[in-house]
Amino acid sequence: MVDQVRFLLDEDDIPTTWYNLAADLPPLHPPLNPATGRPVTRDEMAATMPEAIIEQELSTEREWEIPEAVRQIYAQWRPSPLYRARRLEAELRTPARIYYKYEGVAPTGSHKPNTAVAQVYYNKLAGKRGLVTETGAGQWGSATAQSAAMFGMSAKVYMVKVSFTQKPYRRSLMETFGTVCVPSPSIETAAGRAVLAEDPECPGSLGIATSEALEAAAVDESLGYVLGSAANHVLGHQTIIGLEAIRQFELADDYPDIVIGCAGGGSNLAGLSFPFLGQKLRGGQDVRLIAAEPAACPTLTRGTIAYDYADKAGLTPLFRMHTLGHGFVPPTFHAGGLRAHGMGQLVSRAVEDGHMEATAVTQRRCFDGAVLFARTEGILPAPESTHAIRVAIDEAMRCREEGRQQTILFGLSGHGHFDLTAYERYFAGELDDTVLDDETIAAARATIPAQVWDVEEPAA
């Protein structure tokens, strides 16, 4: 008899609503206008967001309806599979049961289309002709490019320069969908030119690319700006991952004790973990949530909770979040999707309130785990996903040492087929294990704006 390894749902089981964690947390601190120190108004938000997305960004409703047009496109790859990692369990000789929710089945190979499809849909309804955005490793850029093509829209993506160089096939994929991909920092925008004037060899960062994308959108009203992580509406769209996983654990007659996700801006982590956290906060089963972030960009573990910009040039509102400082330019490690100086507000609040813990892991240990995973489970993981794999393996080994039979779930946020240069460098012994020194952290922290406003606690 074959032991079950896949837990599958039908297309009819695609969730009809997304989940909003803000309904089950104390009120968030509002984003602030940096000029006035007052909460950002709807009119100010409308400069970069359609009305439907503004509603979601500010919402405290527990559920948002998924438009039927979005669900129809989701049906191309959703529901995504939940796997039991039986071969990995056997290799580790652990009593733990290890599961992973695999988002690499999406057309562009990661979880990013879950929100790209939704955002492009809302921008299309708002009458936008084209889209502009930023991307780190290229997963978000690829998802935007695919979604724009499906809705007959143009797209332009500012891609962090180091990833533009490291991952040329991501760029080619975007171009296949008809998208223009520009290495950031670029000479196309004032923000990019300012960075290059200071450092002509700057490898780029998500903060810099965000500044360029926002500037490009601001000068052309026909363009909509979309973003791949951190924002409340983005995290909400991604909860389709965890909502499906809850249903799939019913099929497995199991429930996770531990849920692990890789953490950059927070979208994959939130998408998997928030529905489980919501159940816990409403009196459901206890679950331990772990954010796995890179030691080279330790936003949650070494960052500061403060109001800061989401971009390098200070074009965004100020968000209260875990931040390393908007001037921080991360080292050039391969998990480009995790090179974010700031964390999403909802993830930051979950960590701050003790509902979620964070741990930082080094690059070579992540790739050690990735290779073990690939050789046992047969899937090559994206560099971002290796962080969750590393922590899941560590937790499974702890279970072996303690003789505990816990259930571990981690998010396999994407495949690594576009990241083979990273694996090539790993096998050649050329990957660095960058751990930031205190001076670097302090210099980055100095770019956080001085907290000059008395911001009242939000009313419950």
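Predicted model only: the values in this text are computed from it and were never measured.

Observations regarding the overall build of the protein chain
Broken down by element type, the protein chain carries 19 helices and 15 strands. Since a compact globule built from 460 residues should have a radius of gyration of about 23 Å, the 20 Å found for the protein chain is in line with a globular shape. Once the C-alpha set of the protein chain is aligned to its principal axes, its extents read approximately 65 × 45 × 45 Å. A fraction of 77% describes how many contacts in the protein chain between residues 6 or more apart in sequence connect residues 24 or more apart.

What about the packing of aromatic side chains?
Taken as a whole and judged by the stated rule, the model has 15 aromatic pairs. Seen from their ring centres, Tyr 100 and Phe 410 are 5.5 Å apart, and the 25° between their planes marks the pair as stacked. Of this pair, Tyr 100 sits in strand β5 (residues 97-102) while Phe 410 sits in strand β15 (residues 407-412), placing them 310 residues apart in sequence. Note on accessibility: Tyr 100 and Phe 410 belong to one class, buried. Here Phe 367 and Tyr 426 contribute two aromatic rings whose centre-to-centre distance is 5.8 Å and whose plane-to-plane angle is 25°, an arrangement assigned as stacked. With Phe 367 in helix α16 (residues 363-377) and Tyr 426 in helix α18 (residues 420-427), this pair connects stretches of sequence that are 59 residues apart.

Some words on the sheet that holds strand β8 (residues 180-184)
Ordered by their spatial adjacency, four strands build an open sheet running β8-β7-β6-β9, and the pairing between neighbours is parallel. If you trace the sheet from one side to the other, it starts and ends with β8 and β9 (223-225), each paired once. Strand-to-strand, the axes of this sheet are offset by a mean angle of 25°, without reference to chain direction. Pairing between strand β7 (residues 154-160) and β8: five bridges, direction parallel.

Points about unusual backbone geometry
Residue Pro 79 is bonded to the preceding Arg 78 through a cis peptide linkage, with omega at -5°. With respect to the helices and strands, Pro 79 occurs in the loop between α3 (68-74) and β4 (82-84). The amide bond that connects Ser 184 to the next residue, Pro 185, takes the cis arrangement and shows omega of 10°. Topologically, Pro 185 is positioned in the loop between β8 and α9 (190-198). Located in the positive-phi region is Arg 93, a residue other than glycine, with phi close to 55°. Note that Arg 93 resides in the loop between α4 (86-92) and β5. Residue Arg 93 is classed as exposed on the basis of its relative accessible area of 60%. Phi at Asp 253 is positive, roughly 55°, even though this residue is not glycine. Mapped onto the elements of the fold, Asp 253 is located in the loop between α12 (240-252) and β10 (258-262). Using a relative accessible area of 72% as the deciding quantity, one classes Asp 253 as exposed.

Structural notes on the environment of Asp 433
Topologically, Asp 433 is positioned in the loop between α18 and α19 (438-445). Within the local environment of Asp 433, its side chain forms a polar contact with the backbone nitrogen of Gln 363, the two atoms lying 3.1 Å apart.

Quick look at the sheet that holds strand β1 (residues 6-7)
Taken together, the seven strands give an open sheet; going across it, the order is β1-β4-β5-β15-β10-β11-β14, and neighbouring strands pair in mixed fashion. The sheet is open, and its two borders are formed by β1 and β14 (357-361), each paired with just one other strand. Here α12 sits on the sheet and contacts β1, β4, β5 and β15; the angle it forms with β5, its principal contact strand, is near 140°.

Digging into the nonpolar core
Where a protein is soluble and globular, its nonpolar side chains tend to be buried together. Ranked by internal contacts, the top residues of the largest apolar core, which has 64 residues, are Trp 18, Tyr 74, Phe 274, Phe 276, Val 347, Met 356 and Leu 409. Among the nonpolar cores identified, the runner-up in size contains 26 residues, and Ile 258, Ala 388, Val 391 and Ile 408 belong to it.

Comments concerning the pairing of β5
Of all six residues making up β5, five are buried, and the element is well covered by its neighbours. Where β4 lies against β5, three bridges are found, and the strand directions are antiparallel. Directly across from Arg 84, in β5, lies its bridge partner Tyr 99. Of the strand pairs in this sheet, β5 and β15 are connected by six bridges, and their pairing is parallel.

Some details on the pattern of salt bridges
Evaluation of the coordinates by the stated rule reveals 28 salt bridges. Salt-bridge contacts for Glu 244 lead to Lys 101; the nearest nitrogen and oxygen are separated by 2.8 Å. Residue Glu 244 is located in helix α12, and its partner Lys 101 is located in strand β5; the two are separated by 143 residues in the primary sequence. Among the residues examined, Glu 244 registers a relative accessible area of 0% and is labelled buried.

Description of the packing of helix α6 (residues 139-150) against helix α8 (residues 168-176)
Running from N to C, α6 and α8 cross one another at 10°; their axes reach a closest spacing of 8 Å. Comparing the axis directions of α6 and α8 gives the class roughly parallel. Like other packed secondary-structure pairs, α6 and α8 cross with a definite hand, here left-handed. When α6 is examined against α8, the residues Gln 139, Gly 141, Ser 142 and Ala 145 are found in contact with a partner set consisting of Arg 170, Leu 173 and Met 174.

Thoughts on the environment of Gly 228
With respect to the helices, strands and loops of the structure, Gly 228 is situated in the loop between β9 and α11 (232-238). Here the alpha-carbon distance between Gly 228 and Trp 140, two residues 88 residues apart in the chain, equals 5.7 Å. Apart from residues lying up to four places away in sequence, Gly 228 is in contact with Lys 112, Thr 115, Glu 134, Trp 140, Val 234 and Ser 267.

Topic: the side chain of Gln 345
Along the polypeptide, Gln 345 turns up in helix α15 (residues 345-352). Using a relative accessible area of 7% as the deciding quantity, one classes Gln 345 as buried.

Comments concerning the packing of helix α5 (residues 113-125) against α6
Where α5 meets α6, the axes come as close as 9 Å, and the angle between the chain directions of the two elements is 40°. As the angle between them shows, α5 and α6 are arranged oblique. Two packed elements cross with a definite hand, and for α5 against α6 that hand is right-handed. Counted together, Pro 113, Thr 115, Ala 116, Val 117, Gln 119 and Val 120 of α5 and Trp 140, Ala 143, Thr 144, Gln 146, Ser 147 and Ala 148 of α6 form the full contact between these two elements. Here the contact of α5 with α6 is built from residues that sort into seven nonpolar, five polar and no charged.

Conventions and cut-offs
Residues numbered from 1 in each chain as written. Predicted model: local features only at pLDDT ≥ 70, side-chain atom pairs only at ≥ 80, totals over all residues. Heavy atoms only, no water. Helix = DSSP H or I, 4+ residues; strand = E, 2+ residues; numbered from the N terminus. Rg over C-alpha atoms; globule rule 2.2 N^0.38 Å. Contact = heavy atoms within 4.5 Å. Phe/Tyr/Trp six-rings, centres within 6.5 Å; stacked < 30°, edge-to-face > 60°. Buried < 20%, exposed > 50% of the residue type's maximum accessible area, 1.4 Å probe, protein only. Pairing = 2+ DSSP bridges. Axes fitted to C-alpha atoms, helices over the stretch in contact; angles between N-to-C directions. Polar contact = N/O pair within 3.5 Å; in protein donor to acceptor, adjacent residues only side chain to side chain. Core = buried A, V, L, I, M, F, W, Y, C linked by side-chain atoms within 4.5 Å. Salt bridge = Lys/Arg side-chain N within 4 Å of Asp/Glu carboxyl O. Parallel < 35°, antiparallel > 145°, perpendicular 65-115°, else oblique. Left-handed = near helix turned anticlockwise from the far one by under 90°. Nonpolar A, V, L, I, M, F, W, Y, C, P; charged D, E, K, R; others polar.

From the geometry alone we can't say anything about function, so treat these as descriptive.
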